[in-house]
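Below, each chain spelled out in residue letters.
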Amino acid sequence: MLDDFMVRAALAGIGVAFAAAPLGCFVVWRRMAYFGDATAHAAILGVALSLAFSMSIFVGAMAVALLMALTVNILSGRGYAMDTLLGVLAHSALAFGLVAVSFLSGVRIDLMAYLFGDILAVSRVDLSVIWGGAALVVALIGWRWSALLTSTLNEDLAHASGIDPKREQLVLTLALAITVAVAIKVVGVLLIAALLIIPAAAARPLSRTPEGMAIAAGVIGMLSAIVGLRAAYALDTPAGPSIVCVAALTFLATSVLRGFRPQQ
Amino acid sequence: MSLVQVEDLSVRYGASTVLSGVSLRVEPGEIVTIVGPNGSGKTSLLRAIIGAVKPAQGHVIQGSGVKIGYVPQKLHIDETLPITVSRFLKLPAGVSATEIGRALTQAGAPDLAKAQLSQLSGGQFQRVLLARALIGKPDLLLLDEATQGLDQRGSASFYQQIEHVRQDTGCAVLMISHELHVVMSASDRVICLNGHVCCEGTPAVVASAPEYRALFGTGTGGALALYRHEHDHGHDHGDHDHDHPEAAE
């Protein structure tokens, strides 16, 4: 079954959507939508470094994404708003990454592949990395769920319940770094942020509880992966963008649905 | 034994000192109110007590086994986060449905368990926050301007609810309030704060202290008069104008 590239692609997409769903909900609730972009841009620098030192791309991307997560965690709450901080880090990391790539003589890397990914070229090893990372992320978020949710609602309430909001934010940024690192090869830098945010946003009108929203986002993300790949196959369109288009259309549909229903 | 004891507490944010040398204690069952102008460190004091800010100096000692319920100043629920009142009350540790029902009833909002948090009115929201603070059966309730944004009737009924809660559960209350007439009528003790403790004592003592008058002007005389008036004490305050209490803020 895994010999079929379409099956491997679908499994990869489902794996990424699985991890991105609960994470994407927190990104939306905490207004960190730019975080996916920032970490993903930083990962380009990681790709360049790993080619320079001939390490595995996964390791390089992971190292830089983790570094990025820690930097954001340390700098946040010190006089810069989150969006400013992420904007500064995202663009400088991308710029340093591109400059670093230009120093690599003799190595031609196809940047487009990392910007848009190539989900149809997923190998069995890639699949195990994706599913391993996704399982880790979901386990991490599941373990910290209540504490994360309490800190997201209000930091002082978290303190009063004996929760350290700073630590929970670190958990969240680490989970984001892992997701970006495992997903970069498959969906690419530009589409990771989309897979984080669009399914979560599309799930909002359908949900009454945070848990419901995370599950709905997961279902929407996975269906988008499957339907998007089918559409790409049938219409001969690029696979990654097709997945995001399906997710975007779902967002449109649930938003319209909300318009016809009394607000919950 | 005191429920909570603050000793020589100083809090700094960067270069600015917001609190210096503050000491206070709260005894079981009493209602203590902190008053003070904007920027006087009232909220920082409460945040230091719950451990949200680290003291630059001094310390906060919590009596052993003392449970604290905290009602924050304001809580913005992002429209993108769907959450029902009962789910909110279950955070972070799971609580039974009966416990939730009991806390909501105590807070005067028995019918709200299934409502969405983002759809509540200001008064309902404060009651839900109060219910959340009551869930652990606290020995001490901390309220940070819990009636901000409520109209006078709303805040009066909220403070009545606090009084009921104290009668029912016997918990002590440490609260920040801007509404001086409420403070004066509902508190056992008032602490006037302006970076340090200016003065403290019973409402009558504090209201006549020169430090307090320097901070709040003579309008508070009206607030105290209103308090006494409401309580039929019949003291001689006839030469005071009954200023509108808001004028004191």
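Counting from 1, residues in each chain are numbered in the order their sequence is written. Chain letters start at A and ligand numbers start at 1, both assigned in the order the entries are written. With pLDDT at 70 or above as the cut-off, local features in this predicted model cover only qualifying residues; side-chain atom pairs require 80 or more to be listed or tallied, and sums for whole chains, interfaces and linings still use all residues. To obtain the side-chain values, all non-hydrogen atoms of the structure were included, while hydrogens and water were left out.

**Q** Quick one: what's the story with the overall build of chain A, residue by residue and with numbers?
**A** When helices and strands are tallied, chain A shows 11 helices and zero strands. Strands here mean DSSP runs of E at least two residues long; helices mean DSSP runs of H or I at least four residues long; both are numbered from the N terminus. Secondary structure elements of chain A occur, N-terminal to C-terminal, as α-α-α-α-α-α-α-α-α-α-α. The quantity called the radius of gyration is restricted to C-alpha atoms. Its globule counterpart is 2.2 Å times the number of residues to the power 0.38. Over its C-alpha atoms chain A spans a radius of gyration of 18 Å, differing by no more than 12% from the 18 Å that the globule rule assigns to 264 residues. Projected onto the principal axes, the alpha-carbon positions of chain A cover approximately 55 × 45 × 30 Å. Out of the 264 residues in chain A, the part that is buried amounts to 53%. Only heavy atoms matter for contacts: two residues are in contact if any of them lie within 4.5 Å across the pair. Considering only contacts in chain A between residues 6 or more positions apart, those separated by 24 or more positions represent 76%. With the model as given, the accessible surface of chain A reaches about 11500 Å², and the carbon-plus-sulfur share is 70%. Counted as positive: Lys and Arg. Counted as negative: Asp and Glu, with His and the chain ends omitted from the count. Lys charges are placed at NZ, Arg charges at CZ, Asp charges at CG and Glu charges at CD. Distance between charge centres in chain A, computed from 15 positive and 13 negative side chains, equals 5 Å. Relative accessibility decides the category of a residue: with a 1.4 Å probe and only protein chains considered, values under 20% of the type maximum give buried, values over 50% give exposed, and everything between is partly exposed. Using a 1.4 Å probe, the Shrake-Rupley method yields the accessible areas, and only the shown protein chains count as cover for residues.

**Q** Got a sec to walk through the pattern of salt bridges? Specific residues and values, please.
**A** Note on definitions: salt bridges are taken to be side-chain nitrogens of Lys or Arg within 4 Å of carboxyl oxygens of Asp or Glu. Taken as a whole and judged by the stated rule, the model has 10 salt bridges over all chains. For R31 of chain A, the salt bridge identified is with D78 of chain B, shortest N-O distance 2.4 Å. With one member in each of two chains, R31 of chain A in the loop between α1 (5-29) and α2 (34-52) and D78 of chain B in the loop between β5 (68-71) and α2 (85-90) form a pair that bridges those chains. A single network of salt bridges, built from pairs that share partners, joins R144, R167 and E168 of chain A.

**Q** Go over unusual backbone geometry with me, naming the residues and quoting the values.
**A** All names here are of chain B. Its identity is not glycine, yet D8 carries a phi of approximately 50°, on the positive side. Mapped onto the fold, D8 is located in strand β1 (residues 4-13). Classification of D8 as partly exposed rests on a relative accessible area of 38%. The phi dihedral of E145 falls on the positive side, at around 40°, and the residue is not glycine.

**Q** Could you give an account of the layout of surface pockets, with specific residues and numbers?
**A** Within this model, the largest pocket holds a volume of roughly 1300 Å³. What lines the largest pocket is a set of 41 residues, and nearest its centre among them are S151, N154, E155, D156 and P165 of chain A. Listed by contribution, the elements that provide at least two residues to the lining of the largest pocket are α6 (124-153), α7 (155-160) and α8 (165-187) of chain A together with α1 (42-50) of chain B. Here the term charged refers only to Asp, Glu, Lys and Arg, the term nonpolar to Ala, Val, Leu, Ile, Met, Phe, Trp, Tyr, Cys and Pro, and the term polar to all other amino acids, Gly among them. Split by residue class, the lining of the largest pocket holds 17 nonpolar, 12 polar and 12 charged. The pocket and cavity definitions rest on a 1 Å grid over protein atoms only: a 1.4 Å probe that fits but cannot leave marks a cavity, an open set with protein on both sides within 12 Å along at least five of seven lines marks a pocket, and residues lining either have an atom within 4 Å of a point. Grid points are joined across faces, edges and corners, and a volume is the space filled by probe spheres set on the points. Its volume calculated, the second largest pocket comes out at about 330 Å³. Along the wall of the second largest pocket there are 18 residues; nearest its centre are A160 and S161 of chain A together with P92, R132 and G136 of chain B. No other element matches β5 of chain B, which puts three residues into the lining of the second largest pocket.

**Q** I'd like to hear about the side chain of S242 of chain A, residue by residue, with values.
**A** Mapped onto the secondary structure, S242 of chain A falls in helix α11 (residues 239-260). Once residues within four sequence positions are removed from consideration, S242 of chain A is found in contact with G228, A232 and T237 of chain A.

**Q** Run through the confidence of the model for chain A, naming residues and quoting values.
**A** Taken as a whole, chain A shows an average pLDDT of 86; of its residues, 94% reach a score of 70 or greater. A score from 0 to 100, pLDDT tells how confident the predictor is in each residue. Mean pLDDT across the elements of chain A bottoms out in helix α5 (residues 111-116) of chain A (72) and peaks in helix α10 (residues 210-235) of chain A (94).

**Q** Lay out the interface of chain B and chain A with the relevant residues and their values.
**A** At the junction of the two partners, chain B supplies 25 residues and chain A supplies 24 residues. Throughout, buried area stands for the accessible area (probe radius 1.4 Å) lost by two parts on being put together, summed over both. Across the chain B/chain A interface, buried area totals approximately 2300 Å², and carbon plus sulfur atoms make up 56% of it. On the chain B side of the contact with chain A, L81, P82 and P92 of chain B bury the most area, a combined 23% of that side's loss. Our count for the contact surface shared by chain B and chain A stands at three salt bridges. The closest approach of N and O atoms between R47 of chain B and D156 of chain A, which form a salt bridge, is 2.9 Å.

**Q** Kindly report on the environment of A139 of chain A, identifying the contributing residues and their values.
**A** Residues and elements named next belong to chain A. Summarising the element assignment, A139 is placed in helix α6. Take A139: its relative accessible area is 48%, and that puts it in the partly exposed class. A139 sits 36 residues away from A175 along the chain, and the two C-alpha atoms are 9.9 Å apart.

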